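Architecture at a glance
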Amino acid sequence: MCKIGVEMEGEKQPLLAMRGITKSFGGLRAVTDVDLTLHEGQILAIVGDNGAGKSTLIKILTGVYQPDAGEIFICGAKVEMSSRRDSIRVGVNAVYQNLGLVDALPAPANVFLGNEPVRRILGIPFLDNRRMREETERILIENTGVKLEDATVPTLNLSGGQRQAVAIARAVLVADLKVLVMDEPTAALGPEETRNTLALIRAVRDRGIAVIVISHNLEHVFAVADRVMVMRGGRKIGEVDTATSSGTEVLGMIVGSAVGAGAHATTPSTLGAQQ
Ligand SMILES: Nc1ncnc2c1ncn2[C@@H]1O[C@H](COP(=O)(O)OP(=O)(O)OP(=O)(O)O)[C@@H](O)[C@H]1O
Ligand SMILES: [Mg+2]
């Protein structure tokens, strides 16, 4: 996925590296000196209590906020982003919790919103509705495995999981998408739709796109993520592999009670001794 870029000491070039990211709002430090590394095809969860700085960090990644300090590298190349458009240009896109869909419009119009293909008849431009519908069906199947029974109904009438799929389809339409960010993708979903959404995230990952998922639900995090990064009070507290960690350990890191869950906790739970 990183076509150019220098191989660093035999290691694979990370798709994304954030280094020393710091951001204040007035006198409030929302994010302090955070590093984040993400590799191709990896799902990274970011967890932490309310106000831990998770959304601020990813809004910096998506060009919504500019950091006071720190640098962002995509495939080893430093990028400057002062808008969402800039982040999309370098291959980073986000699906926010409200999904940003226009409820009254059907799925194809949402997927192509602001990006509609036009067909000319006798020089007069018309929206190419057929192409939008066919492309939407193709993008949905290829990226999310979701098939809509009727692509003409308003997205308001779709299920939560289907709406999620439409939002993901729109996000991955970006040419050369490298990183997809999802803020609380399962927060408002029932069990079945949660399962589907976790499957959608894996489907996106399987295309080689790296995914960052912010979630308060550790069960979902452990079901889908390869790594978990824990934030507290604007700082990165630590990062663990889901394969060698546990919800108990991560919870301890979130609330700050875990003995030995230091900056690079990678060992199995240290909480056992406390219980
Ligand atoms: N635009 C803003 N202006 C002022 N303060 C802000 C702004 N955005 C975030 N903050 C503050 O920065 C801190 C981090 O907020 P952030 O939204 O990043 O937390 P979070 O980890 O996403 O929390 P949650 O889990 O509740 O979504 C909070 O204290 C919040 O009040
Ligand atoms: Mg948030």
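The paragraphs below set out a description of the structure included in this document. Here the structure is a predicted model, which means the values were calculated and not measured. Just so you know, the residues in each chain are numbered from 1, in the order the chain's sequence is written. The order in which chains are written sets their letters, starting at A; the order in which ligands are written sets their numbers, starting at 1. Only residues with pLDDT of 70 or above have their local features reported here, since the model is predicted, and side-chain atom pairs are shown and tallied only from 80 upward, although totals for entire chains, interfaces and linings are computed over all residues. Water and hydrogen atoms were dropped before computing side-chain values, which therefore reflect all heavy atoms in the structure.

**Some words on the packing of aromatic side chains**
Note the cut-off: Classification of ring pairs rests on two measures: the distance between centres of Phe, Tyr or Trp rings, Trp counted by its six-membered ring, which must be within 6.5 Å, and the angle between planes, read as stacked under 30 degrees, edge-to-face over 60 and tilted in between. Under the scheme used here, helices are H or I runs from DSSP no shorter than 4 residues and strands are E runs no shorter than 2 residues, and both carry numbers assigned from the N terminus. Note on exposure labels: buried denotes an accessible area under 20% of the residue type's maximum, exposed denotes more than 50%, and partly exposed covers the range between, all computed with a 1.4 Å probe on protein chains only.
A complete count under the given rule lists 1 aromatic pair for this structure. Geometrically, the ring pair formed by Phe-25 and Tyr-65 is edge-to-face, given 5.1 Å between the ring centres and 70° between the ring planes. Here the residue Phe-25 occupies a position in strand β1 (residues 16-25), and Tyr-65 occupies one in the loop between α1 (54-61) and β4 (69-74), the gap between them amounting to 40 residues. Phe-25 sits in the partly exposed class, given a relative accessible area of 33%. Using a relative accessible area of 25% as the deciding quantity, one classes Tyr-65 as partly exposed.

**Considering the packing of helix α4 (residues 129-144) against helix α5 (residues 160-172)**
Here is the rule we go by: Angles run from 0 to 180 degrees between N-to-C directions of axes, and those axes are lines fitted to C-alpha atoms, restricted for helices to the stretch in contact. Each angle gets one of four labels, with under 35 degrees taken as roughly parallel, over 145 as roughly antiparallel, 65 to 115 as roughly perpendicular, and the rest as oblique. Note on contacts: a residue pair is in contact if any heavy atoms of the two residues lie within 4.5 Å. We call Asp, Glu, Lys and Arg charged. Ala, Val, Leu, Ile, Met, Phe, Trp, Tyr, Cys and Pro are nonpolar, and the rest, Gly among them, are polar.
Packing of α4 against α5 brings their axes to within 9 Å, and their N-to-C directions diverge by 95°. Classified by the angle between their axes, α4 and α5 sit roughly perpendicular to one another. Contacts between α4 and α5 involve Ile-139, Leu-140, Asn-143 and Thr-144 from the first element and Ala-165, Val-166, Ile-168, Ala-169 and Val-172 from the second. Of the residues in the contact of α4 with α5, the class split is 7 nonpolar, 2 polar and no charged.

**So, the site of ligand 1**
Short version of the rule: By convention in these notes, a residue is near a molecule or strand provided one of its non-hydrogen atoms lies within 4 Å of it. Whenever two N or O atoms come within 3.5 Å, that pair is a polar contact, provided that in protein one can donate a hydrogen and the other can accept it, and provided that, for residues adjacent in sequence, both atoms are side-chain atoms. Using the Shrake-Rupley algorithm and a 1.4 Å probe, accessible areas are obtained, with residue cover drawn only from the displayed protein chains.
Contacts to ligand 1 come from 13 residues, most closely from Asn-50, Gly-51, Lys-54, Thr-56 and His-216. One of the side-chain nitrogen or oxygen atoms of Lys-54 is found 2.7 Å away from an oxygen atom of ligand 1. One nitrogen or oxygen atom from the side chain of His-216 is found 2.8 Å from an oxygen atom belonging to ligand 1. Considered on its own, ligand 1 offers 630 Å² of accessible surface; in the complex 61% of this is hidden by protein.

**Topic: the pairing of strand β6 (residues 92-95)**
Selection criterion: Note on pairing: DSSP must find at least two bridges between two strands before they are called paired.
Burial along β6 is two-sided: the face carrying Val-92 and Ala-94 and the face carrying Asn-93 and Val-95 are both buried. With 4 bridges joining them, β6 and strand β9 (residues 179-183) adopt parallel strand pairing. Bridge pairing in β9 places Val-95 opposite Met-182.

**Concerning the sheet that holds strand β3 (residues 43-47)**
In space, the 6 strands of this open sheet follow the order β6-β9-β10-β3-β11-β12, with mixed pairing throughout. Each edge of the sheet is formed by a strand with only one pairing partner; in this case those strands are β6 and β12 (235-241). The sheet shows a mean angle of 20° between the axes of neighbouring strands, taken without regard to direction. In this structure, β3 lies alongside strand β11 (residues 227-232), joined through 4 bridges in parallel fashion. Pairing of Val-47 across the sheet is with Val-230, part of β11. Of the strands in this sheet, β3, β6, β9, β10 (210-214) and β11 touch α1, which is tilted by about 150° from β10. Docked against the sheet, α5 engages β6 and β9, running at close to 165° with respect to β6.

**Details of the pattern of salt bridges**
For the record, the criterion: The working definition used for a salt bridge is a side-chain nitrogen of Lys or Arg within 4 Å of a carboxyl oxygen of Asp or Glu.
On inspection of all chains with the given rule, the structure shows 14 salt bridges. Lys-78 serves as the salt-bridge partner of Glu-71, at 3.1 Å between the closest nitrogen and oxygen. Look at Lys-78 and you get partly exposed, because its relative accessible area is 44%. With its nearest N and O atoms 3.0 Å apart, the salt bridge here joins Arg-130 to Glu-134. Here Arg-130 pairs with Glu-134, and both are found in helix α4, just 4 residues apart, close to one helical turn. A relative accessible area of 39% places Glu-134 in the partly exposed class.

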